[in-house]
Amino acid sequence: MPAQDTSLHARAVLAANLRRLRREQGISQEALADLTGLHRTYVGSVERQERNLSLDNVERLAGALGVHITALLTETQ
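Looking now at the overall build of the protein. Counting secondary structure elements, the protein contains 5 helices and 0 strands. Secondary structure elements in the protein, listed N-terminal to C-terminal, are α-α-α-α-α. In the protein, once contacts between residues fewer than 6 apart in sequence are set aside, the share between residues at least 24 apart is 58%.

Residue placement: Val58 occurs in helix α4 (residues 55–65). Considered as a pair, Val58 and Thr70 are 12 residues apart in the sequence and their alpha carbons are 9.6 Å apart. Residues contacting Val58, with those up to four places away along its chain left out, are Leu14, Leu53, Ile69, Leu72 and Leu73.

Moving on: the packing of helix α2 (residues 29–36) against helix α3 (residues 40–47). Close contact between α2 and α3 brings their axes to 8 Å; oriented N to C, the two are set at 115°. By the angle class used here, α2 and α3 are roughly perpendicular. Judged by the twist between their axes, the crossing of α2 over α3 is right-handed. In contact with Gln29, Glu30, Leu32 and Ala33 of α2, α3 contributes Arg40, Val43, Gly44 and Glu47. A breakdown of the residues in the contact of α2 with α3 according to their chemical character gives 3 nonpolar, 2 polar and 3 charged.

With that settled, the discussion passes to the layout of surface pockets. When its volume is computed, the largest pocket comes out at roughly 180 Å³. Lining the largest pocket are 11 residues, with Ala10, Arg11, Leu14, Asn52 and Leu53 positioned closest to its centre. Looking at the lining of the largest pocket, the elements with two or more residues in it are α1 (3–24) and α4. With 4 residues, the top contributor of residues to the lining of the largest pocket is α1. Residues belonging to the lining of the largest pocket are distributed by class as follows: 6 nonpolar, 3 polar and 2 charged.

Cut-offs used in this document
Residues numbered from 1 in each chain as written. Predicted model: local features only at pLDDT ≥ 70, side-chain atom pairs only at ≥ 80, totals over all residues. Heavy atoms only, no water. Helix = DSSP H or I, 4+ residues; strand = E, 2+ residues; numbered from the N terminus. Contact = heavy atoms within 4.5 Å. Axes fitted to C-alpha atoms, helices over the stretch in contact; angles between N-to-C directions. Parallel < 35°, antiparallel > 145°, perpendicular 65-115°, else oblique. Left-handed = near helix turned anticlockwise from the far one by under 90°. Nonpolar A, V, L, I, M, F, W, Y, C, P; charged D, E, K, R; others polar. 1 Å grid on protein atoms, 1.4 Å probe; cavity = no way out; pocket = protein on both sides within 12 Å on 5 of 7 lines; lining within 4 Å. Points joined across faces, edges and corners; volume = space filled by probe spheres on them.

Coordinates in, geometry out; function isn't part of it.
What follows is the structure in structure tokens.
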């Protein structure tokens, strides 16, 4: 699989996991943004797969959700 396809797949996995975990915990995009110090529109753009995140921001999101970083990056069935 070419690198571009892999990165787009990884972005889709991260977006889906972020949205699912946030909703399961009853956290709004705005509340998650407050917990991470990121802007609400940034969180929304991550969930829409519009952002290529730094590992630092992935770690911030995982920490705010109380999960290991791999929970955001691992494809679920």
